[in-house]
Amino acid sequence: MAFMSTPTAKKRLLAEEFLSNEIQWVEHYNLQPEGAQSGLDATSTGVKYTGVTSVYVDPQMVRHAKYVYLEFAIDTLASGAGVKCHLYDRDDAADIASSAEVTATTDRTRTSLAVATLEAAMGHELTVRWEVTTAAGSGTFTATSARLVIIKGVS
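Residues numbered from 1 in each chain as written. Predicted model: local features only at pLDDT ≥ 70, side-chain atom pairs only at ≥ 80, totals over all residues. Heavy atoms only, no water.

Things to note about the overall build of the protein
Within the protein one finds 2 helices and 10 strands. Reading the helices (α) and strands (β) of the protein from amino to carboxyl end gives β-β-β-β-α-β-β-β-β-α-β-β. For the protein, the C-alpha radius of gyration of 21 Å lies well beyond 15 Å, the compact-globule estimate for 155 residues. Residues counted as buried form 37% of the 155 residues belonging to the protein. Across the protein, contacts joining residues at least 24 apart in sequence account for 83% of those joining residues at least 6 apart. Of the accessible surface of the protein, which amounts to about 8,300 Å², a share of 50% is contributed by carbon and sulfur atoms. With 13 positive and 18 negative side-chain charges, the protein shows a separation of 8 Å between the mean positions of the two kinds. (Helix = DSSP H or I, 4+ residues; strand = E, 2+ residues; numbered from the N terminus. Rg over C-alpha atoms; globule rule 2.2 N^0.38 Å. Buried < 20%, exposed > 50% of the residue type's maximum accessible area, 1.4 Å probe, protein only. Contact = heavy atoms within 4.5 Å. Areas by Shrake-Rupley, 256 points an atom, 1.4 Å probe, with all protein chains shown as cover. Lys, Arg positive; Asp, Glu negative; His and termini not counted. Charge placed at Lys NZ, Arg CZ, Asp CG, Glu CD.)

Have a look at this one:
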């Protein structure tokens, strides 16, 4: 008997049949597609790097968002230095999310931000900024990567 003629076969899925957020997916937006930035000065405080590209926040990007993270990595960091990674809103000229101070090399670290914060940035351009918050007597750091991670769920 063929599928189309089988009376007991289910031919469609209904949202009401799923548990809340049973369907989920993760979207990654690379905030530093130009690659690792090495040799950034850690001898004085302040912003040492601002991304050259940005991500435009549109309604489809935030639709169904359940969790939002700023994810980043540092490959090398001068001893005694402290660095923060910021999600920077170019239109408002302000940080909308900032990591805690990082004082050691990290393969990957996440800083969460409220979904409402991302929704408030709709229509804006976002990029990454790296800031030295505690200077080292000498040395540099390497900002390996930064990305915006959005976990979405429907049903």
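Some remarks on the environment of Val 62
Its place among the elements puts Val 62 in helix H1 (residues 59-62). Exposure remark for Val 62: the relative accessible area of 7% places this residue in the buried category. Sequence spacing of Val 62 and Ala 120 is 58 residues, and the spatial spacing of their C-alpha atoms is 10.0 Å. Setting aside residues up to four positions removed in sequence, Val 62 forms contacts with Val 57, Leu 118, Glu 119 and Met 122.

Observations regarding the side chain of Thr 142
Structurally, Thr 142 can be placed in strand S10 (residues 140-154). Not counting the four nearest positions on each side in its chain, Thr 142 is found in contact with Ala 36, Gln 37, Ser 38, Gly 39, Ala 73, Ile 74, Asp 75 and Thr 76.

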